Amino acid sequence: MTQLTILRYPDSRLMKPSEPVEVFDEALKKLVEDMGETMYKAPGVGLAAPQVNVHRRIIVVDTSEKKDDLKVLINPEIVSLSEEKKVYEEGCLSLPHIYENVERPAQVKVRAQDIHGGWFELEGDGLLAVCLQHEIDHLKGTVFVDYLSPMKRNRIKSKLLKEEREIKKAAAAQNSGKNRKKGRR
Ligand code: NI
């Protein structure tokens, strides 16, 4: 299994809509396994394929306490949403350390295909309902901060861009250090 690289907001590839999966083959199975591993290692409760730069309608979620209930949803569609809404503090693996309140329907019913292409339905409330809606949003190119005010979103964007610059600078410094050592030999 391979741990995949998760794109960071505001990478424009996160805003690109995903295409339906049409072929249920070994490559899809491998991708789903890698997505599961990447999500557990992060650690997170959900991951959508576009977050690992694969623009296909695939999500994995596991909101269980023991982290032993991986749900794989291929070509998921929302069948129904409850009238009742709930506010939940959301986070996202593409927006490290950012948590904000988002209001969404409290219950959701989803239809999706499994790894072999068979259709099934899944109903969820609580964290599972939030997670399913959040991940299906990713397939449309929507991230949870899109529900916040432009001012709040811009503040988050600047913060993450600044962090990314610092990470790159640190990596470059480490690399030039390594090269210098090599040069001294
Ligand atoms: Ni997310």
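Computed from a predicted model, the values in this text were never measured in an experiment.

**A short note on the coordination of the nickel ion**
- Only Cys92 (SG), His134 (NE2) and His138 (NE2) from the protein coordinate the nickel ion, and they sit 2.1 to 2.2 Å from it.
- Within one chain, the residues donating to the nickel ion are spaced in sequence as C-x41-H-x3-H. Residue Cys92 is found in strand β4 (residues 85-92), and its partner His138 is found in helix α2 (residues 126-140); the two are separated by 46 residues along the sequence. Side by side, Cys92 and His138 carry an identical accessibility label, which is buried.

**Some thoughts on the side chain of His55**
- Of note, His55 is situated in the loop between β1 (46-48) and β2 (58-61).
- The class for His55 is buried, based on a relative accessible area of 12%.
- Within the local environment of His55, its side chain forms a polar contact with the backbone oxygen of Arg13, the two atoms lying 2.7 Å apart.
- When residues no more than four places from it in sequence are discounted, the contact partners of His55 are Arg13, Lys16, Pro17, Ser18, Glu19 and Pro50.

Cut-offs applied
- Along each chain, numbering runs from 1 in the same order as the chain's sequence is written.
- Totals for whole chains, interfaces and linings use every residue, but because this is a predicted model, local features are given only for residues with pLDDT of at least 70 and side-chain atom pairs only at 80 or more, for both listing and counting.
- Remark: hydrogens and water are excluded; side-chain values derive from all non-hydrogen atoms of the structure.
- For Na, K and Ca the donor cutoff is 3.2 Å, while for all other metals N, O and S atoms must lie within 2.8 Å; water is not among the atoms, so some sites may look incomplete.
- The secondary structure listing takes helices from DSSP runs of H or I that are at least 4 residues long and strands from runs of E that are at least 2 residues long, numbered from the N terminus.
- Relative accessible area decides the class of each residue, using a 1.4 Å probe on protein chains only: under 20% of the type maximum gives buried, over 50% gives exposed, and in between gives partly exposed.
- Polar contacts, as counted here, are pairs of nitrogen or oxygen atoms within 3.5 Å of one another; within protein the pair requires one atom able to donate a hydrogen and one able to accept it, and residues that are adjacent in sequence qualify only if both atoms are side-chain atoms.
- The contact criterion used is simple: two residues touch if any of their non-hydrogen atoms lie within 4.5 Å.

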